[in-house]
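Residues per chain are reported as follows:
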Amino acid sequence: MIVSAALYANFAWFREQLCLIICPYGRLQSALVDEHSINVAYDYNRGNPPGPARDPNAGDCIDCRRCVQVCPTGIDIRQGLQLECIACTACIDACDEIMTKVKRPQGLIRYVSEEQLEGRKTQWIRPRTILYSILLFLGMSVAGYSLMQLQPIVFTATRMAGAPYIITETGVRNQYQVRLVNKTNQDKRFFFTASAVDDSLPLAVASAADGILVRPLGEVVTPVIVSVSAADFPGRFPIRIEVHNKESTSVWSREVDFLGPDRDLLRQRIFPTAPNE
Ligand code: SF4
Ligand code: SF4
């Protein structure tokens, strides 16, 4: 509702003031351009002095002011490039129409540099364009790298609230809460596995046997229970919870800690007659 109200106020009341007062485009442009830059410009050599079409002493501009009428920011491009110009090119189209009607060549207002208007050549390769190209390349590289890092899912694993671990008849159990967000537009079914970070321990994972179905753009929060037998439990150690598709062609993993009591106390409790190692 806030966005709708802002848009309505802009279109119904604020209108071109947005371009004139708020939009940074003109300010940026004025800092970026020089006399070799191609811009929307009026060819004053050809158009001046403005005057009626029948006046043999007048230029090609017939002073119809059509270019001013169509300009969304209300400027007269014949006065030169101005901060308010948003390069919409409406004045180019309007003037071309007029030129066609009075049977004169189009392009009285066109994309052209100041140097070209003065009859000199535009230099395309200059320090400014080299710097802009480097910055553009850097920006595109960062954007490309960011896009390549995009993952089709969001996957987080956190410890469940409550007791940090549960001692069972055979060992220790930890419970994690896994959150999955499917960012694609297709159903996705995910399966879970867990292993010690150094791959030294077999870990049992209890979760839905046929996987977890996450609808397109949907989110599922599900418990994942990891167990270690008392004989294998080494004390607190880091584990890796993995989520993968059925074929295991895509695997995402998160590291969490597996908690438990003192290793010897656990063994005494579960195997009371066995000697401590
Ligand atoms: S539209 Fe063309 S001919 Fe008419 S006033 Fe503008 S520049 Fe001159
Ligand atoms: S390009 Fe658009 S904003 Fe700039 S002078 Fe022409 S009509 Fe106006």
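Residues numbered from 1 in each chain as written. Chains lettered and ligands numbered in written order. Predicted model: local features only at pLDDT ≥ 70, side-chain atom pairs only at ≥ 80, totals over all residues. Heavy atoms only, no water.

**Quick look at the packing of aromatic side chains**
Right, so step 1: Going through the model one piece at a time under the given rule, you end up with five aromatic pairs.
Right, so step 2: Plain terms: the ring middles of Phe190 and Trp252 are 6.2 Å apart, the flat faces sit at 80° to each other, and that makes the pair edge-to-face. Of this pair, Phe190 sits in strand E6 (residues 188-196) while Trp252 sits in strand E11 (residues 251-258), placing them 62 residues apart in sequence. Here Phe190 matches Trp252 in class, with each residue buried.
Right, so step 3: Among the aromatic residues, those joined into a cluster by ring pairs are Phe233, Phe237 and Phe258. (Phe/Tyr/Trp six-rings, centres within 6.5 Å; stacked < 30°, edge-to-face > 60°. Helix = DSSP H or I, 4+ residues; strand = E, 2+ residues; numbered from the N terminus. Buried < 20%, exposed > 50% of the residue type's maximum accessible area, 1.4 Å probe, protein only.)

**Considerations on the domain arrangement of the protein chain**
Right, so step 1: Partitioning the protein chain into structural domains gives domain 1 (16-119) and domain 2 (153-270).
Right, so step 2: Computed over C-alpha atoms only, the centres of domain 1 and domain 2 are separated by 66 Å. (Domains from an automatic or database assignment.)

**Some points on the nonpolar core**
Right, so step 1: In this structure, Phe155, Leu180, Phe237, Ile239 and Phe258 are the most contacted members of the largest nonpolar core, which totals 29 residues.
Right, so step 2: For this core, the secondary-structure elements that each account for two or more residues are strand E3 (153-159), strand E5 (171-182), E6, strand E8 (212-214), strand E9 (219-229), strand E10 (237-244), E11 and helix H9 (263-270).
Right, so step 3: Other than its neighbours up to four places away in sequence, Phe258 contacts Arg159, Val172, Arg173, Asn174, Tyr176, Val226, Ser227, Val228, Phe233, Arg236, Phe237 and Ile239.
Right, so step 4: Judged by nonpolar contacts, the second largest core, of 13 residues, contains Tyr42, Cys61, Val68 and Ile98. (Core = buried A, V, L, I, M, F, W, Y, C linked by side-chain atoms within 4.5 Å. Contact = heavy atoms within 4.5 Å.)

**Observations concerning the pairing of E9**
Right, so step 1: The pairing of E5 with E9 spans eleven bridges and is antiparallel. In the sheet register, Arg179 faces E9, and the bridge partner there is Val221.
Right, so step 2: One ladder, built from three bridges, connects strand E7 (residues 204-206) with E9; its direction is antiparallel. Looking at the pairing, Val205 lines up with Val226 of E9. (Pairing = 2+ DSSP bridges.)

**Regarding empty space enclosed by the protein**
Which parts of space are left empty comes out when a probe the size of a water molecule is rolled across the atoms.
Right, so step 1: In the structure shown here, the tally under the stated rule is three cavities of 30 Å³ or more.
Right, so step 2: Taken as a whole, the largest cavity holds about 110 Å³ of empty space.
Right, so step 3: For the largest cavity, the lining is made up of 14 residues, of which Cys71, Ile75, Cys85, Cys88 and Cys91 are closest to its centre.
Right, so step 4: Considered class by class, the residues forming the lining of the largest cavity number twelve nonpolar, two polar and no charged.
Right, so step 5: Estimates place the volume of the second largest cavity at around 70 Å³.
Right, so step 6: Around the second largest cavity, the lining residues are Tyr42, Cys61, Ile62, Cys64, Arg66, Cys67, Arg78, Cys95, Ile98, Met99, Leu108 and Ile109.
Right, so step 7: Of all the secondary structure elements, the ones that give two or more residues to the lining of the second largest cavity are helix H5 (66-70) and helix H6 (90-101).
Right, so step 8: Ranked by residue count, the leading element in the lining of the second largest cavity is H6, at three residues. (1 Å grid on protein atoms, 1.4 Å probe; cavity = no way out; pocket = protein on both sides within 12 Å on 5 of 7 lines; lining within 4 Å. Points joined across faces, edges and corners; volume = space filled by probe spheres on them. Nonpolar A, V, L, I, M, F, W, Y, C, P; charged D, E, K, R; others polar.)

**Re the site of ligand 1**
Right, so step 1: For ligand 1, the full set of nearby residues is Tyr42, Cys61, Ile62, Asp63, Cys64, Arg65, Arg66, Cys67, Arg78, Cys95, Met99 and Ile109.
Right, so step 2: One can see that ligand 1 is located within the second largest cavity.
Right, so step 3: Within the residue set of the shell around ligand 1, elements represented by two or more residues are H5 and H6.
Right, so step 4: Looking at side-chain class alone, the shell around ligand 1 contains eight nonpolar, no polar and four charged residues. (Near = heavy atom within 4 Å. Sits in = over half its atoms within 2 Å of the grid points.)

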